[in-house]
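Inside the fold
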Amino acid sequence: MTDLSRVLAGIEEQLSVPASLLKEIADQFQAAMTAGLAGKPSSLKMLPSYIGVPTGREQGTVVAVDFGGTNVRVLLIILTGDGQVHISNRRSFLLKDKRKNYDFTTASASGMQLFDFIAGKIAEIVPTTDKTYPLGHTFSFPCHQYDINEAELISWTKEIKTAGVEGQNVGQLLQAALERKEIAYVYPQAIINDTTGTLLTAAYRDNATDIGAICGTGHNSCYLEPVHPLTNKPMIVNMESGNFSQIMQTKYDLCLDQDSEKPGAQRLEKQTSGQYLGEIVRIIVSSLVADGHMAGEPANTLHLPYSVRTEDLSTILADHTAGLEAVAEVAAACWNLGNLTLGELAALKTIARLVAVRSARLVAATWAGVLYRIDPELNRTHTIAVDGSLYEKMPGYAEYLAQAMNDVWGIGAKKVTIRLSKDGSGIGAAIAAATVYSWQ
Ligand code: BGC
């Protein structure tokens with residue numbers, strides 16, 4: 001065994017999630033759900049959404065605002081009332097753009113500026129006829145929800161820092177911005193989390209859907225609690241599972257966490273989501289270089305945080321060439337590591353795979369935890385609706401999730417379908433706005 005393969009074997013051991021650990025995490029997750037729902041200390045916030053699942057018969061033309069990271073999407077959506085959805089217009093806007101010299105995601109920008117920008121973009125795509133449009137707002141951050149249209153931001157995640165929004169009612173901030181811009185023809189009806197949107201979109205067509213998740217820049221899941229203690233009826237609960245804190249951290253996770261915007265917070269998200277997977281790989285590779293297990297000059301850019309993106313990991317994982325040319329290109333372009341041997345390139349690919357597999361298996365363990373709560377014997381079929389770039393685009397990710405479910409349930413896993421809910425986050429906002437009357 002070479003020195004590098006010996007060290008790699010050690011890394012693999014630290015990152016592996018065997019079937020026994022999957023089940024252990026699922027048990028702990030289920031216990032954290034129960035505690036969170038009962039208002040006891042738990043790393044799961046278990047936030048009520050004040051919405052259940054749609055019937056599929058909701059209809060109308062609805063404006064959807066989808067704000068989940070550094071870009072915002074505005075969509076005009078037609079719900080036909082027979083489970084079908086048409087997107088009649090959509091545009092995406094960056095919340096920070098160096099070339100245009102603005103950034104609404106830093107601490108020097110205010111909530112008022114941020115929501116004025118969003119309201120301006122709504123005006124750009126919604127036709128100003130004499131018609132009025134209900135608006136559904138997907139706001140993908142942890143919020144205390146007091147009603148379907150009242151959500152107070154608990155704290156920013158995904159490294160966003162805009163001032164004056166934490167602790168505020170996000171619905172009012174958007175409403176005030178619409179008023180300042182005199183956009184009276186759009187009236188906000190619902191605010192939801194993106195996981196809820198993903199669940200609603202899939203449930204509009206498939207009534208077995210009872211878990212929704214985002215595996216993208218951020219990570220989180222929600223589920224349908226059959227009898228919610230607040231309402232005594234079915235209600236979607238945003239678990240904020242990215243904050244689940246009972247999974248062991250490796251020294252690489254600890255290093256990432258310490259240098260992050262909010263150390264200690266969002267521990268599962270930091271081990272699983274697209275915002276962070278590239279950074280975990282960078283930290284591992286830079287420790288290999290620093291300890292002399294891999295070649296590399298001290299002056300290379302490997303020490304720069306977030307210098308490899310999750311898209312680059314997808315490129316690495318998709319490379320099946322004999323010379324691992326795409327892996328070499330990523331190492332050279334991101335880190336100036338231009339002189340790696342084939343063995344070192346293979347090691348880089350192995351590290352990317354181990355980090356991606358761990359992410360998928362940890363996420364699957366939390367879904368197993370939800371199923372342990374709502375249907376422990378798997379007596380019914382379940383659809384888990386997922387949106388996000390990791391699930392959609394990272395080579396192998398969907399298979400790793402399915403494999404983990406098999407490891408937990410064996411043949412029973414056939415009753416669980418994991419499916420892409422494409423654009424579910426935005427479309428779900430429209431469904432939520434259209435569902436409001438029927439649910440209350
Ligand atoms: C947020 C969640 C969101 C997830 C996916 C996390 O950082 O806290 O509310 O659902 O990202 O966008």
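Residues numbered from 1 in each chain as written. Predicted model: local features only at pLDDT ≥ 70, side-chain atom pairs only at ≥ 80, totals over all residues. Heavy atoms only, no water.

Concerning the environment of L420
Selection criterion: Note on conventions: DSSP H or I runs of at least 4 residues are helices, E runs of at least 2 residues are strands, and numbering of each starts at the N terminus. Residue contacts are defined here by distance: any two heavy atoms, one from each residue, within 4.5 Å place the two residues in contact.
Within the fold, L420 resides in strand β15 (residues 416–420). Taking the C-alpha atoms as reference, L420 lies 4.9 Å from V386; in sequence the two are 34 residues apart. Setting aside residues no more than four positions away along its own chain, L420 makes contact with V386, D387, Y391 and E392.

Quick look at the pattern of salt bridges
Test applied: Think of a salt bridge as a Lys or Arg side-chain nitrogen and an Asp or Glu carboxyl oxygen that are within 4 Å of each other. Throughout, exposure labels follow a simple rule: accessible area from a 1.4 Å probe, protein chains only, divided by the maximum for the residue type, with under 20% read as buried, over 50% as exposed, and the rest as partly exposed.
Using the criterion set out here, one finds 19 salt bridges in the structure. Between K161 and E261 there is a salt bridge; the shortest N-O distance is 3.8 Å. Placement of the pair is K161 in the loop between β9 (150–153) and α4 (170–180) and E261 in the loop between α6 (251–258) and α7 (267–272), with a sequence separation of 100 residues. Of the residues examined, K161 reaches a relative accessible area of 35% and is grouped as partly exposed. The closest approach of N and O atoms between D210 and R380, which form a salt bridge, is 3.6 Å. You can see D210 sitting in strand β11 (residues 209–215) and its partner R380 sitting in the loop between α11 (342–374) and β14 (382–387), a full 170 residues away along the chain. Three or more residues are tied together by salt bridges with common partners; here these are D66, R73, R90 and D423.

Side note on the site of the ligand
Applicable threshold: Neighbouring residues are identified by heavy atoms, a residue being near a molecule or strand if any of them is within 4 Å of it. Any N or O atom pair separated by 3.5 Å or less is treated as a polar contact, with the protein-specific requirement of one donor-capable and one acceptor-capable atom, and with residues adjacent in sequence counted only for side-chain atom pairs. Each accessible area is a Shrake-Rupley result for a 1.4 Å probe, and residues are judged covered by the shown protein chains and nothing else.
Every one of the 15 residues lining the ligand counts as a neighbour, but T157, K158, D194, E240 and E269 are closest to it. The separation between an oxygen atom of the ligand and a polar side-chain atom of D194 is 2.6 Å. The contact in question runs from an oxygen atom of the ligand to an N or O atom on the side chain of E240, over 2.6 Å. Contact with the protein chains covers 99% of the free accessible surface of the ligand, which is 310 Å². Elements represented by at least two residues in the shell around the ligand include exactly α5 (194–203) and β12 (219–225).

Description of α11
Filter applied, for reference: Here the expected span of a helix is defined as 1.5 Å times the quantity of residues minus one.
Under the 1.5 Å per step criterion, the end-to-end length of α11 is 48 Å for 33 residues, consistent within 8% with the ideal 48 Å. With 26 of 33 residues buried, α11 lies mostly within the body of the structure.

Thoughts on the packing of aromatic side chains
Given two aromatic rings, their pairing is described by the distance between the two centres and the angle made by the two planes. Spelled out, the test is: Think of it this way: a Phe, Tyr or Trp ring, Trp meaning its six-membered ring, pairs with another when their centres are within 6.5 Å, and the plane angle makes it stacked under 30 degrees, edge-to-face over 60, tilted otherwise. Cation placement over rings: the criterion is NZ of Lys or CZ of Arg within 6 Å of the ring centroid and within 35° of the ring normal.
Tallied over the full model, the rule gives 12 aromatic pairs. Where Y102 meets F117, the ring centres are 5.4 Å apart and the plane angle is 45°; that geometry is what we call tilted. You can see Y102 sitting in strand β6 (residues 102–103) and its partner F117 sitting in helix α3 (residues 111–125), a full 15 residues away along the chain. Since its relative accessible area comes to 22%, Y102 is described here as partly exposed. Judged by relative accessible area, which is 16%, F117 ranks as buried. Cluster of aromatic residues (ring-pair linked, three or more members): F67, F139, F141 and W156. Positioned above the aromatic ring of F141 is the side chain of K158, whose terminal nitrogen or guanidinium carbon lies 4.7 Å from the ring centre.

Observations concerning the side chain of T157
On the secondary structure map, T157 appears in the loop between β9 and α4. Once residues lying within four places of it in the same chain are set aside, the contact partners of T157 are S140, F141, P142, Q266 and E269.

Some points on the state of the cysteines
Stated precisely, the cut-off is as follows: We call a pair of cysteine sulfur atoms a disulfide whenever their separation is within 2.5 Å.
Within this structure, the stated rule accounts for 0 disulfides. Not engaged in a disulfide, the cysteine C215 finds its nearest cysteine sulfur in C222; these two sulfurs lie 12 Å apart. Here C215 falls in the buried class, since its relative accessible area comes to 1%. The buried category is assigned to C222, whose relative accessible area is 0%.

What about the side chain of T366?
Mapped onto the elements, T366 comes out in helix α11. Taking the relative accessible area as the measure of exposure, T366 reaches 0% and is therefore buried. In this view, T366 contacts F29 and L268; residues no more than four positions away in its chain are not counted.

Observations concerning the nonpolar core
Looking at soluble globular proteins, one finds that nonpolar side chains tend to be buried together. Spelled out, the test is: As used in this record, nonpolar core signifies buried Ala, Val, Leu, Ile, Met, Phe, Trp, Tyr and Cys residues forming a set joined through side-chain atoms within 4.5 Å.
With 83 residues, the main nonpolar core has Y223, V285, W367 and M405 as its most contacted residues. The element best represented in this core is α11, accounting for 19 residues. What V285 contacts, discounting residues up to four positions off in sequence, is M294, L302, W335, L337, L348 and I351. Within the second largest apolar cluster, 37 residues are counted, among which are I118, F141, W156 and L174.

Here's the deal with the pairing of strand β10 (residues 186–192)
Stated formally: Criterion used throughout: strands pair if DSSP finds at least two bridges between them.
Burial analysis of β10 places 6 of its 7 residues in the buried class, the great majority of the element. As judged from the 6 bridges shared by strand β7 (residues 133–139) and β10, these two strands associate in the parallel manner. When the sheet's bridge partners are listed, H137 is paired in β10 with I191.

Quick notes on helix α13 (residues 397–409)
Put simply, the rule is: Relevant arc is that of directions from the helix axis to the C-beta atoms, nothing else.
The first and last C-alpha atoms of α13 sit 19 Å apart over 13 residues, in line with the 18 Å expected at 1.5 Å per residue. Within the sequence span of α13, burial applies to Y397, L401, A404, M405, V408 and W409. The buried residues of α13 all sit within an arc of 120° when viewed along its axis, so they share a single face. Of the residues one or two after α13, G410 is the one with positive phi, at around 65°.

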